[in-house]
Amino acid sequence: MSVEALASPVVAEERAGRSGVLRRLVRDRIAAAAALVLVLIALAAIFAPIVAPYDPYLTDLTNVMQPPSAEHWFGTDNTGRDILSRVIYGTRNTLMLGLIGVVIGGLLGGVLGILAAYYPRADGWIMRVVDIMLAFPAILIGLAVAAVAGAGLGAVVIALVVATVPDVARVARGAAVGVMGQEFMEAGRAVGVSDRTLIWRYLTLNCISTIFVFLTLRFGQIILIGSALGFLGMGAQPPTAELGMMAAQGRDFLFMAPHIATIPSCAIFVIVLAANLLGDALRDVLDPRLQQ
Amino acid sequence: MGRQIVHRLLVSFPALLGVLFLCFCLLQVVPADPAMIIAGPDAKAETVAAIRRDLGLDRPIPIQFAEYIGRVLRGDLGRSIISNKMVSEELALTIGPTAELMLGAMLIAVPCGLALGTLAAVKRGTLTDRFIMAVSVAGVSMPVFFIGLILIQYVGFKWGLLPFTGRTGPVWDGGLPSLILPAVTLGAVLIGPIARLTRTAVLEVLGADFVRTARAKGLRETVVIIHHALRNALIPVVTLIGLQAAFLLGGAVVTETMFSWPGVGRLAVGAIVSSDFPTAQGAIMILAIAFLTINLLVDVLYVYLDPRVQRT
């Protein structure tokens, strides 16, 4: 067998299963619906300037706190801004925060976990750092960063990344330790494949689906943490629209115009619910081992 | 058992140092130089330098950090910039309400979650099971403040059943009504995950041999479920509560802010908003230490519930 043939030994059964993943997900009606909702929300967020019926920052003091109507589907807020447009722009910011947190946190955590599994000498140290990171609840990180650097989207991103890294590192390490025990790793080493190739094409490729499923499962939680920080005033600052912050602003008008606070909260709920349902289904299909 | 706990304490130690260092950094970013403030606006450079020396501000950072740890150990966390009260005094006033809120939330979430999860497991595959699981997924996906907003709007405002701002006093002194809404808000978030895990754990135990034996010797089904199945299912649930401690703490910060509950979380948020660094630093430190302590307690409880852990 040549080194070429060993270049990327994705486990055979996994490769065979991959074509069926989409079909199985579609067959699961709840997962399909969740995926559809998420895609629609994401499209609305990406094309916010085209989709939003009004300017999300345009105040109209003759038209404040209107309940939902034909012109303003979600009503208007305390300064007469169209809530539907603000929810669309807010979703854009909220989703972006979640994505940045999950992608950067996932990359860092994945690299740490895989390196820990590959280099037993580094293992103890890496996992000790991970343990220390676990000692900080995400909300506290957000509060601390906001206290040092000032409230803003940056503080939330840092908090979300720190919240993602340790868990991903643990999952990635667990998966990678499993792969390390496979025969093809030994075979690769025996024919003189370099460390870099072993780590990248042998180890990482075989761990990626586990890490990906885990990140999908975490995405909803990350959005919840981000919006909670927004709600506490540590995230986006007015007039920027962010769903958590919008809910907090609406709180002051809860008794006169409850929709100002409830509609952004509902939007978060729908996003997180769809993400959680899709994550559960993906896990069942791709990686049943992750189930507790 | 003792060895496990000592090991856990040793692992927590670097984490604790990390927490302290972060809080120390918080104090370093105070925009105004304390020496300048004491010296006054017209002071000469030499005077400022002398005060700096007196305060130890000219020394290297590691030494200042060590001194900071010394002060923390003596309970000296500095003074609030806003109220000029000792931070330690402010914290002492807020820790009680926060502990009360978290305990209240657990007292609601744990029994509800266990009951719902067990019910779903016993009625596996039926409509009841599906309904409970659907509600749990919905609960996991809800922002804490959404539940709070709904409770404030309906139970508190429209129906006027319960107070929804502030705390009227300790639970034993007429404070119970004001605790209910915040505790339900915070507890509701935890019911879903607990119910889900309890269901899985009970289902697993129900298939075990000793459950069959218990049934075969004619025990009533309730006894089998509660004494045999649920008791063994508790172990993963306790672990979960430990894992959810971060969530509980974050939720407490949000809940306190919403309900004007005079706890540590609200103190921290208020201090950050008003740039009161010493107070923010103290509050964040207490919350982080509380988190470490909860995790430690969960580990101890784990050993108690599952004697097998001792042997490994």
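1. Digging into the overall build of chain B
Looking only at helices and strands, chain B features 14 helices and zero strands. Ordered by position in the sequence, the α and β elements of chain B form the string α-α-α-α-α-α-α-α-α-α-α-α-α-α. Whereas a compact globule of 312 residues would reach a radius of gyration of roughly 20 Å, chain B reaches 24 Å, over 25% beyond that. A principal-axis box enclosing the C-alpha atoms of chain B has dimensions of 90 × 55 × 35 Å. Per-residue burial over chain B gives 38% buried out of 312 residues. Partitioning the intrachain contacts of chain B with sequence separation of at least 6 by distance along the chain shows that 70% fall at a separation of at least 24.

2. Some remarks on the overall build of chain A
Helix and strand counts for chain A stand at 11 helices and zero strands. When the helices and strands of chain A are placed in sequence order, the string is α-α-α-α-α-α-α-α-α-α-α. In chain A, which comprises 292 residues, the share counted as buried stands at 48%. Considering only contacts in chain A between residues 6 or more positions apart, those separated by 24 or more positions represent 71%.

3. Here's the deal with the interface of chain B and chain A
With 41 residues of chain B in contact, the opposing surface of chain A contributes 37 residues. Every element with two or more residues in the side of chain B that touches chain A is listed here: α1 (2-28), α6 (127-140), α7 (144-158), α8 (176-206), α11 (245-258), α12 (264-273) and α13 (277-305) of chain B. For the side of chain B that touches chain A, the element with the highest residue contribution is α1(B), accounting for eight residues. Across the side of chain B that touches chain A, the residue classes break down as 35 nonpolar, six polar and no charged.

4. Re the packing of helix α10 (residues 243-251) of chain A against helix α11 (residues 259-286) of chain A
All names here are of chain A. Two elements in contact, α10 and α11, have axes whose closest approach is 7 Å; the angle formed by their N-to-C orientations is 155°. Accordingly, the angle class assigned to the pair α10 and α11 is roughly antiparallel. For the element pair α10 and α11, the recorded crossing hand is left-handed. Across the interface between the two elements, Leu243, Gly244, Met246, Ala247, Gly250 and Arg251 from α10 touch Ile260, Ala261, Pro264, Ser265, Ala267 and Ile268 from α11. Split into classes, the residues belonging to the contact of α10 with α11 amount to eight nonpolar, three polar and one charged.

5. Quick word on unusual backbone geometry
The omega angle of the peptide bond from A:Pro238 to A:Pro239 is 5°, so this bond is cis rather than trans. One non-glycine residue, B:Asn84, lies in positive phi territory at about 65°. With respect to the element layout, B:Asn84 can be found in the loop between α4 (61-73) and α5 (87-122). The backbone phi angle of B:Ser275 is positive, close to 55°, even though this residue is not glycine.

6. Considering the confidence of the model for chain B
All names here are of chain B. Looking at chain B as a whole, the pLDDT averages 84, with 92% of positions reaching at least 70. When the elements of chain B are averaged for pLDDT, helix α14 (residues 308-311) gives the smallest value, 58, and α5 the largest, 92. At the level of chain-chain contacts, confidence expressed as ipTM amounts to 0.84, with global pTM at 0.85.

7. A closer look at α4(B)
Here α4(B) is 13 residues long and its end C-alpha atoms lie 18 Å apart, about the 18 Å a rise of 1.5 Å per residue gives. Note on α4(B): the residue one or two positions beyond its end, B:Gly75, has a positive phi of about 85°.

8. Comments concerning α10(A)
Of all nine residues making up α10(A), nine are buried, and the element is well covered by its neighbours. Within α10(A), the full set of buried residues consists of A:Leu243, A:Gly244, A:Met245, A:Met246, A:Ala247, A:Ala248, A:Gln249, A:Gly250 and A:Arg251.

9. With respect to the nonpolar core
Counting residues in each nonpolar core, the largest one holds 165 residues, and the members touching the most others are A:Ala159, B:Ala268, B:Ile284 and B:Leu287. The element best represented in this core is helix α7 (residues 153-180) of chain A, accounting for 18 residues. Those residues in contact with B:Leu287 that lie beyond four places of it in its chain are A:Leu140, B:Leu249, B:Val264, B:Gly265 and B:Ala268.

10. Re the confidence of the model for chain A
Residues shown with low pLDDT carry predicted positions that ought not to be read at fine detail. Residue and element names in this part refer to chain A. Across chain A, the average pLDDT comes to 84, with 89% of residues at or above 70. Helix α4 (residues 83-118) holds the highest mean pLDDT among the elements of chain A, 93, whereas helix α1 (residues 12-27) holds the lowest, 58. For the stretch residues 1-16, pLDDT sits under 50, and the model shows 18 contacts to residues farther than four places along the chain or on other chains.

11. Here's the deal with the environment of B:Leu77
Tracing the chain through its elements places B:Leu77 in the loop between α4 and α5. Residues within four places of B:Leu77 in sequence aside, it is in contact with B:Val72, B:Val87, B:Ser88, B:Pro278 and B:Gly282.

12. Description of the environment of A:Pro166
Residue and element names in this part refer to chain A. Take proline 166: it is sitting in helix α7. The class of proline 166 is buried, set by 23 C-beta atoms lying within 10 Å. The spacing of proline 166 and leucine 112 is 54 residues in sequence and 8.9 Å in space, taken between C-alpha atoms. Beyond its immediate stretch of four places on either side in the chain, proline 166 contacts Gly109, Val130, Met133 and Leu134.

Definitions and cut-offs
- Residues numbered from 1 in each chain as written.
- Chains lettered and ligands numbered in written order.
- Predicted model: local features only at pLDDT ≥ 70, side-chain atom pairs only at ≥ 80, totals over all residues.
- Helix = DSSP H or I, 4+ residues; strand = E, 2+ residues; numbered from the N terminus.
- Rg over C-alpha atoms; globule rule 2.2 N^0.38 Å.
- Buried ≥ 20, exposed ≤ 12 C-beta atoms within 10 Å, placed from the backbone.
- Contact = placed C-beta atoms within 7 Å.
- Nonpolar A, V, L, I, M, F, W, Y, C, P; charged D, E, K, R; others polar.
- Axes fitted to C-alpha atoms, helices over the stretch in contact; angles between N-to-C directions.
- Parallel < 35°, antiparallel > 145°, perpendicular 65-115°, else oblique.
- Left-handed = near helix turned anticlockwise from the far one by under 90°.
- pLDDT = per-residue confidence, 0-100.
- Expected span 1.5 Å × (residues − 1).
- Core = buried A, V, L, I, M, F, W, Y, C linked by C-beta atoms within 7 Å.

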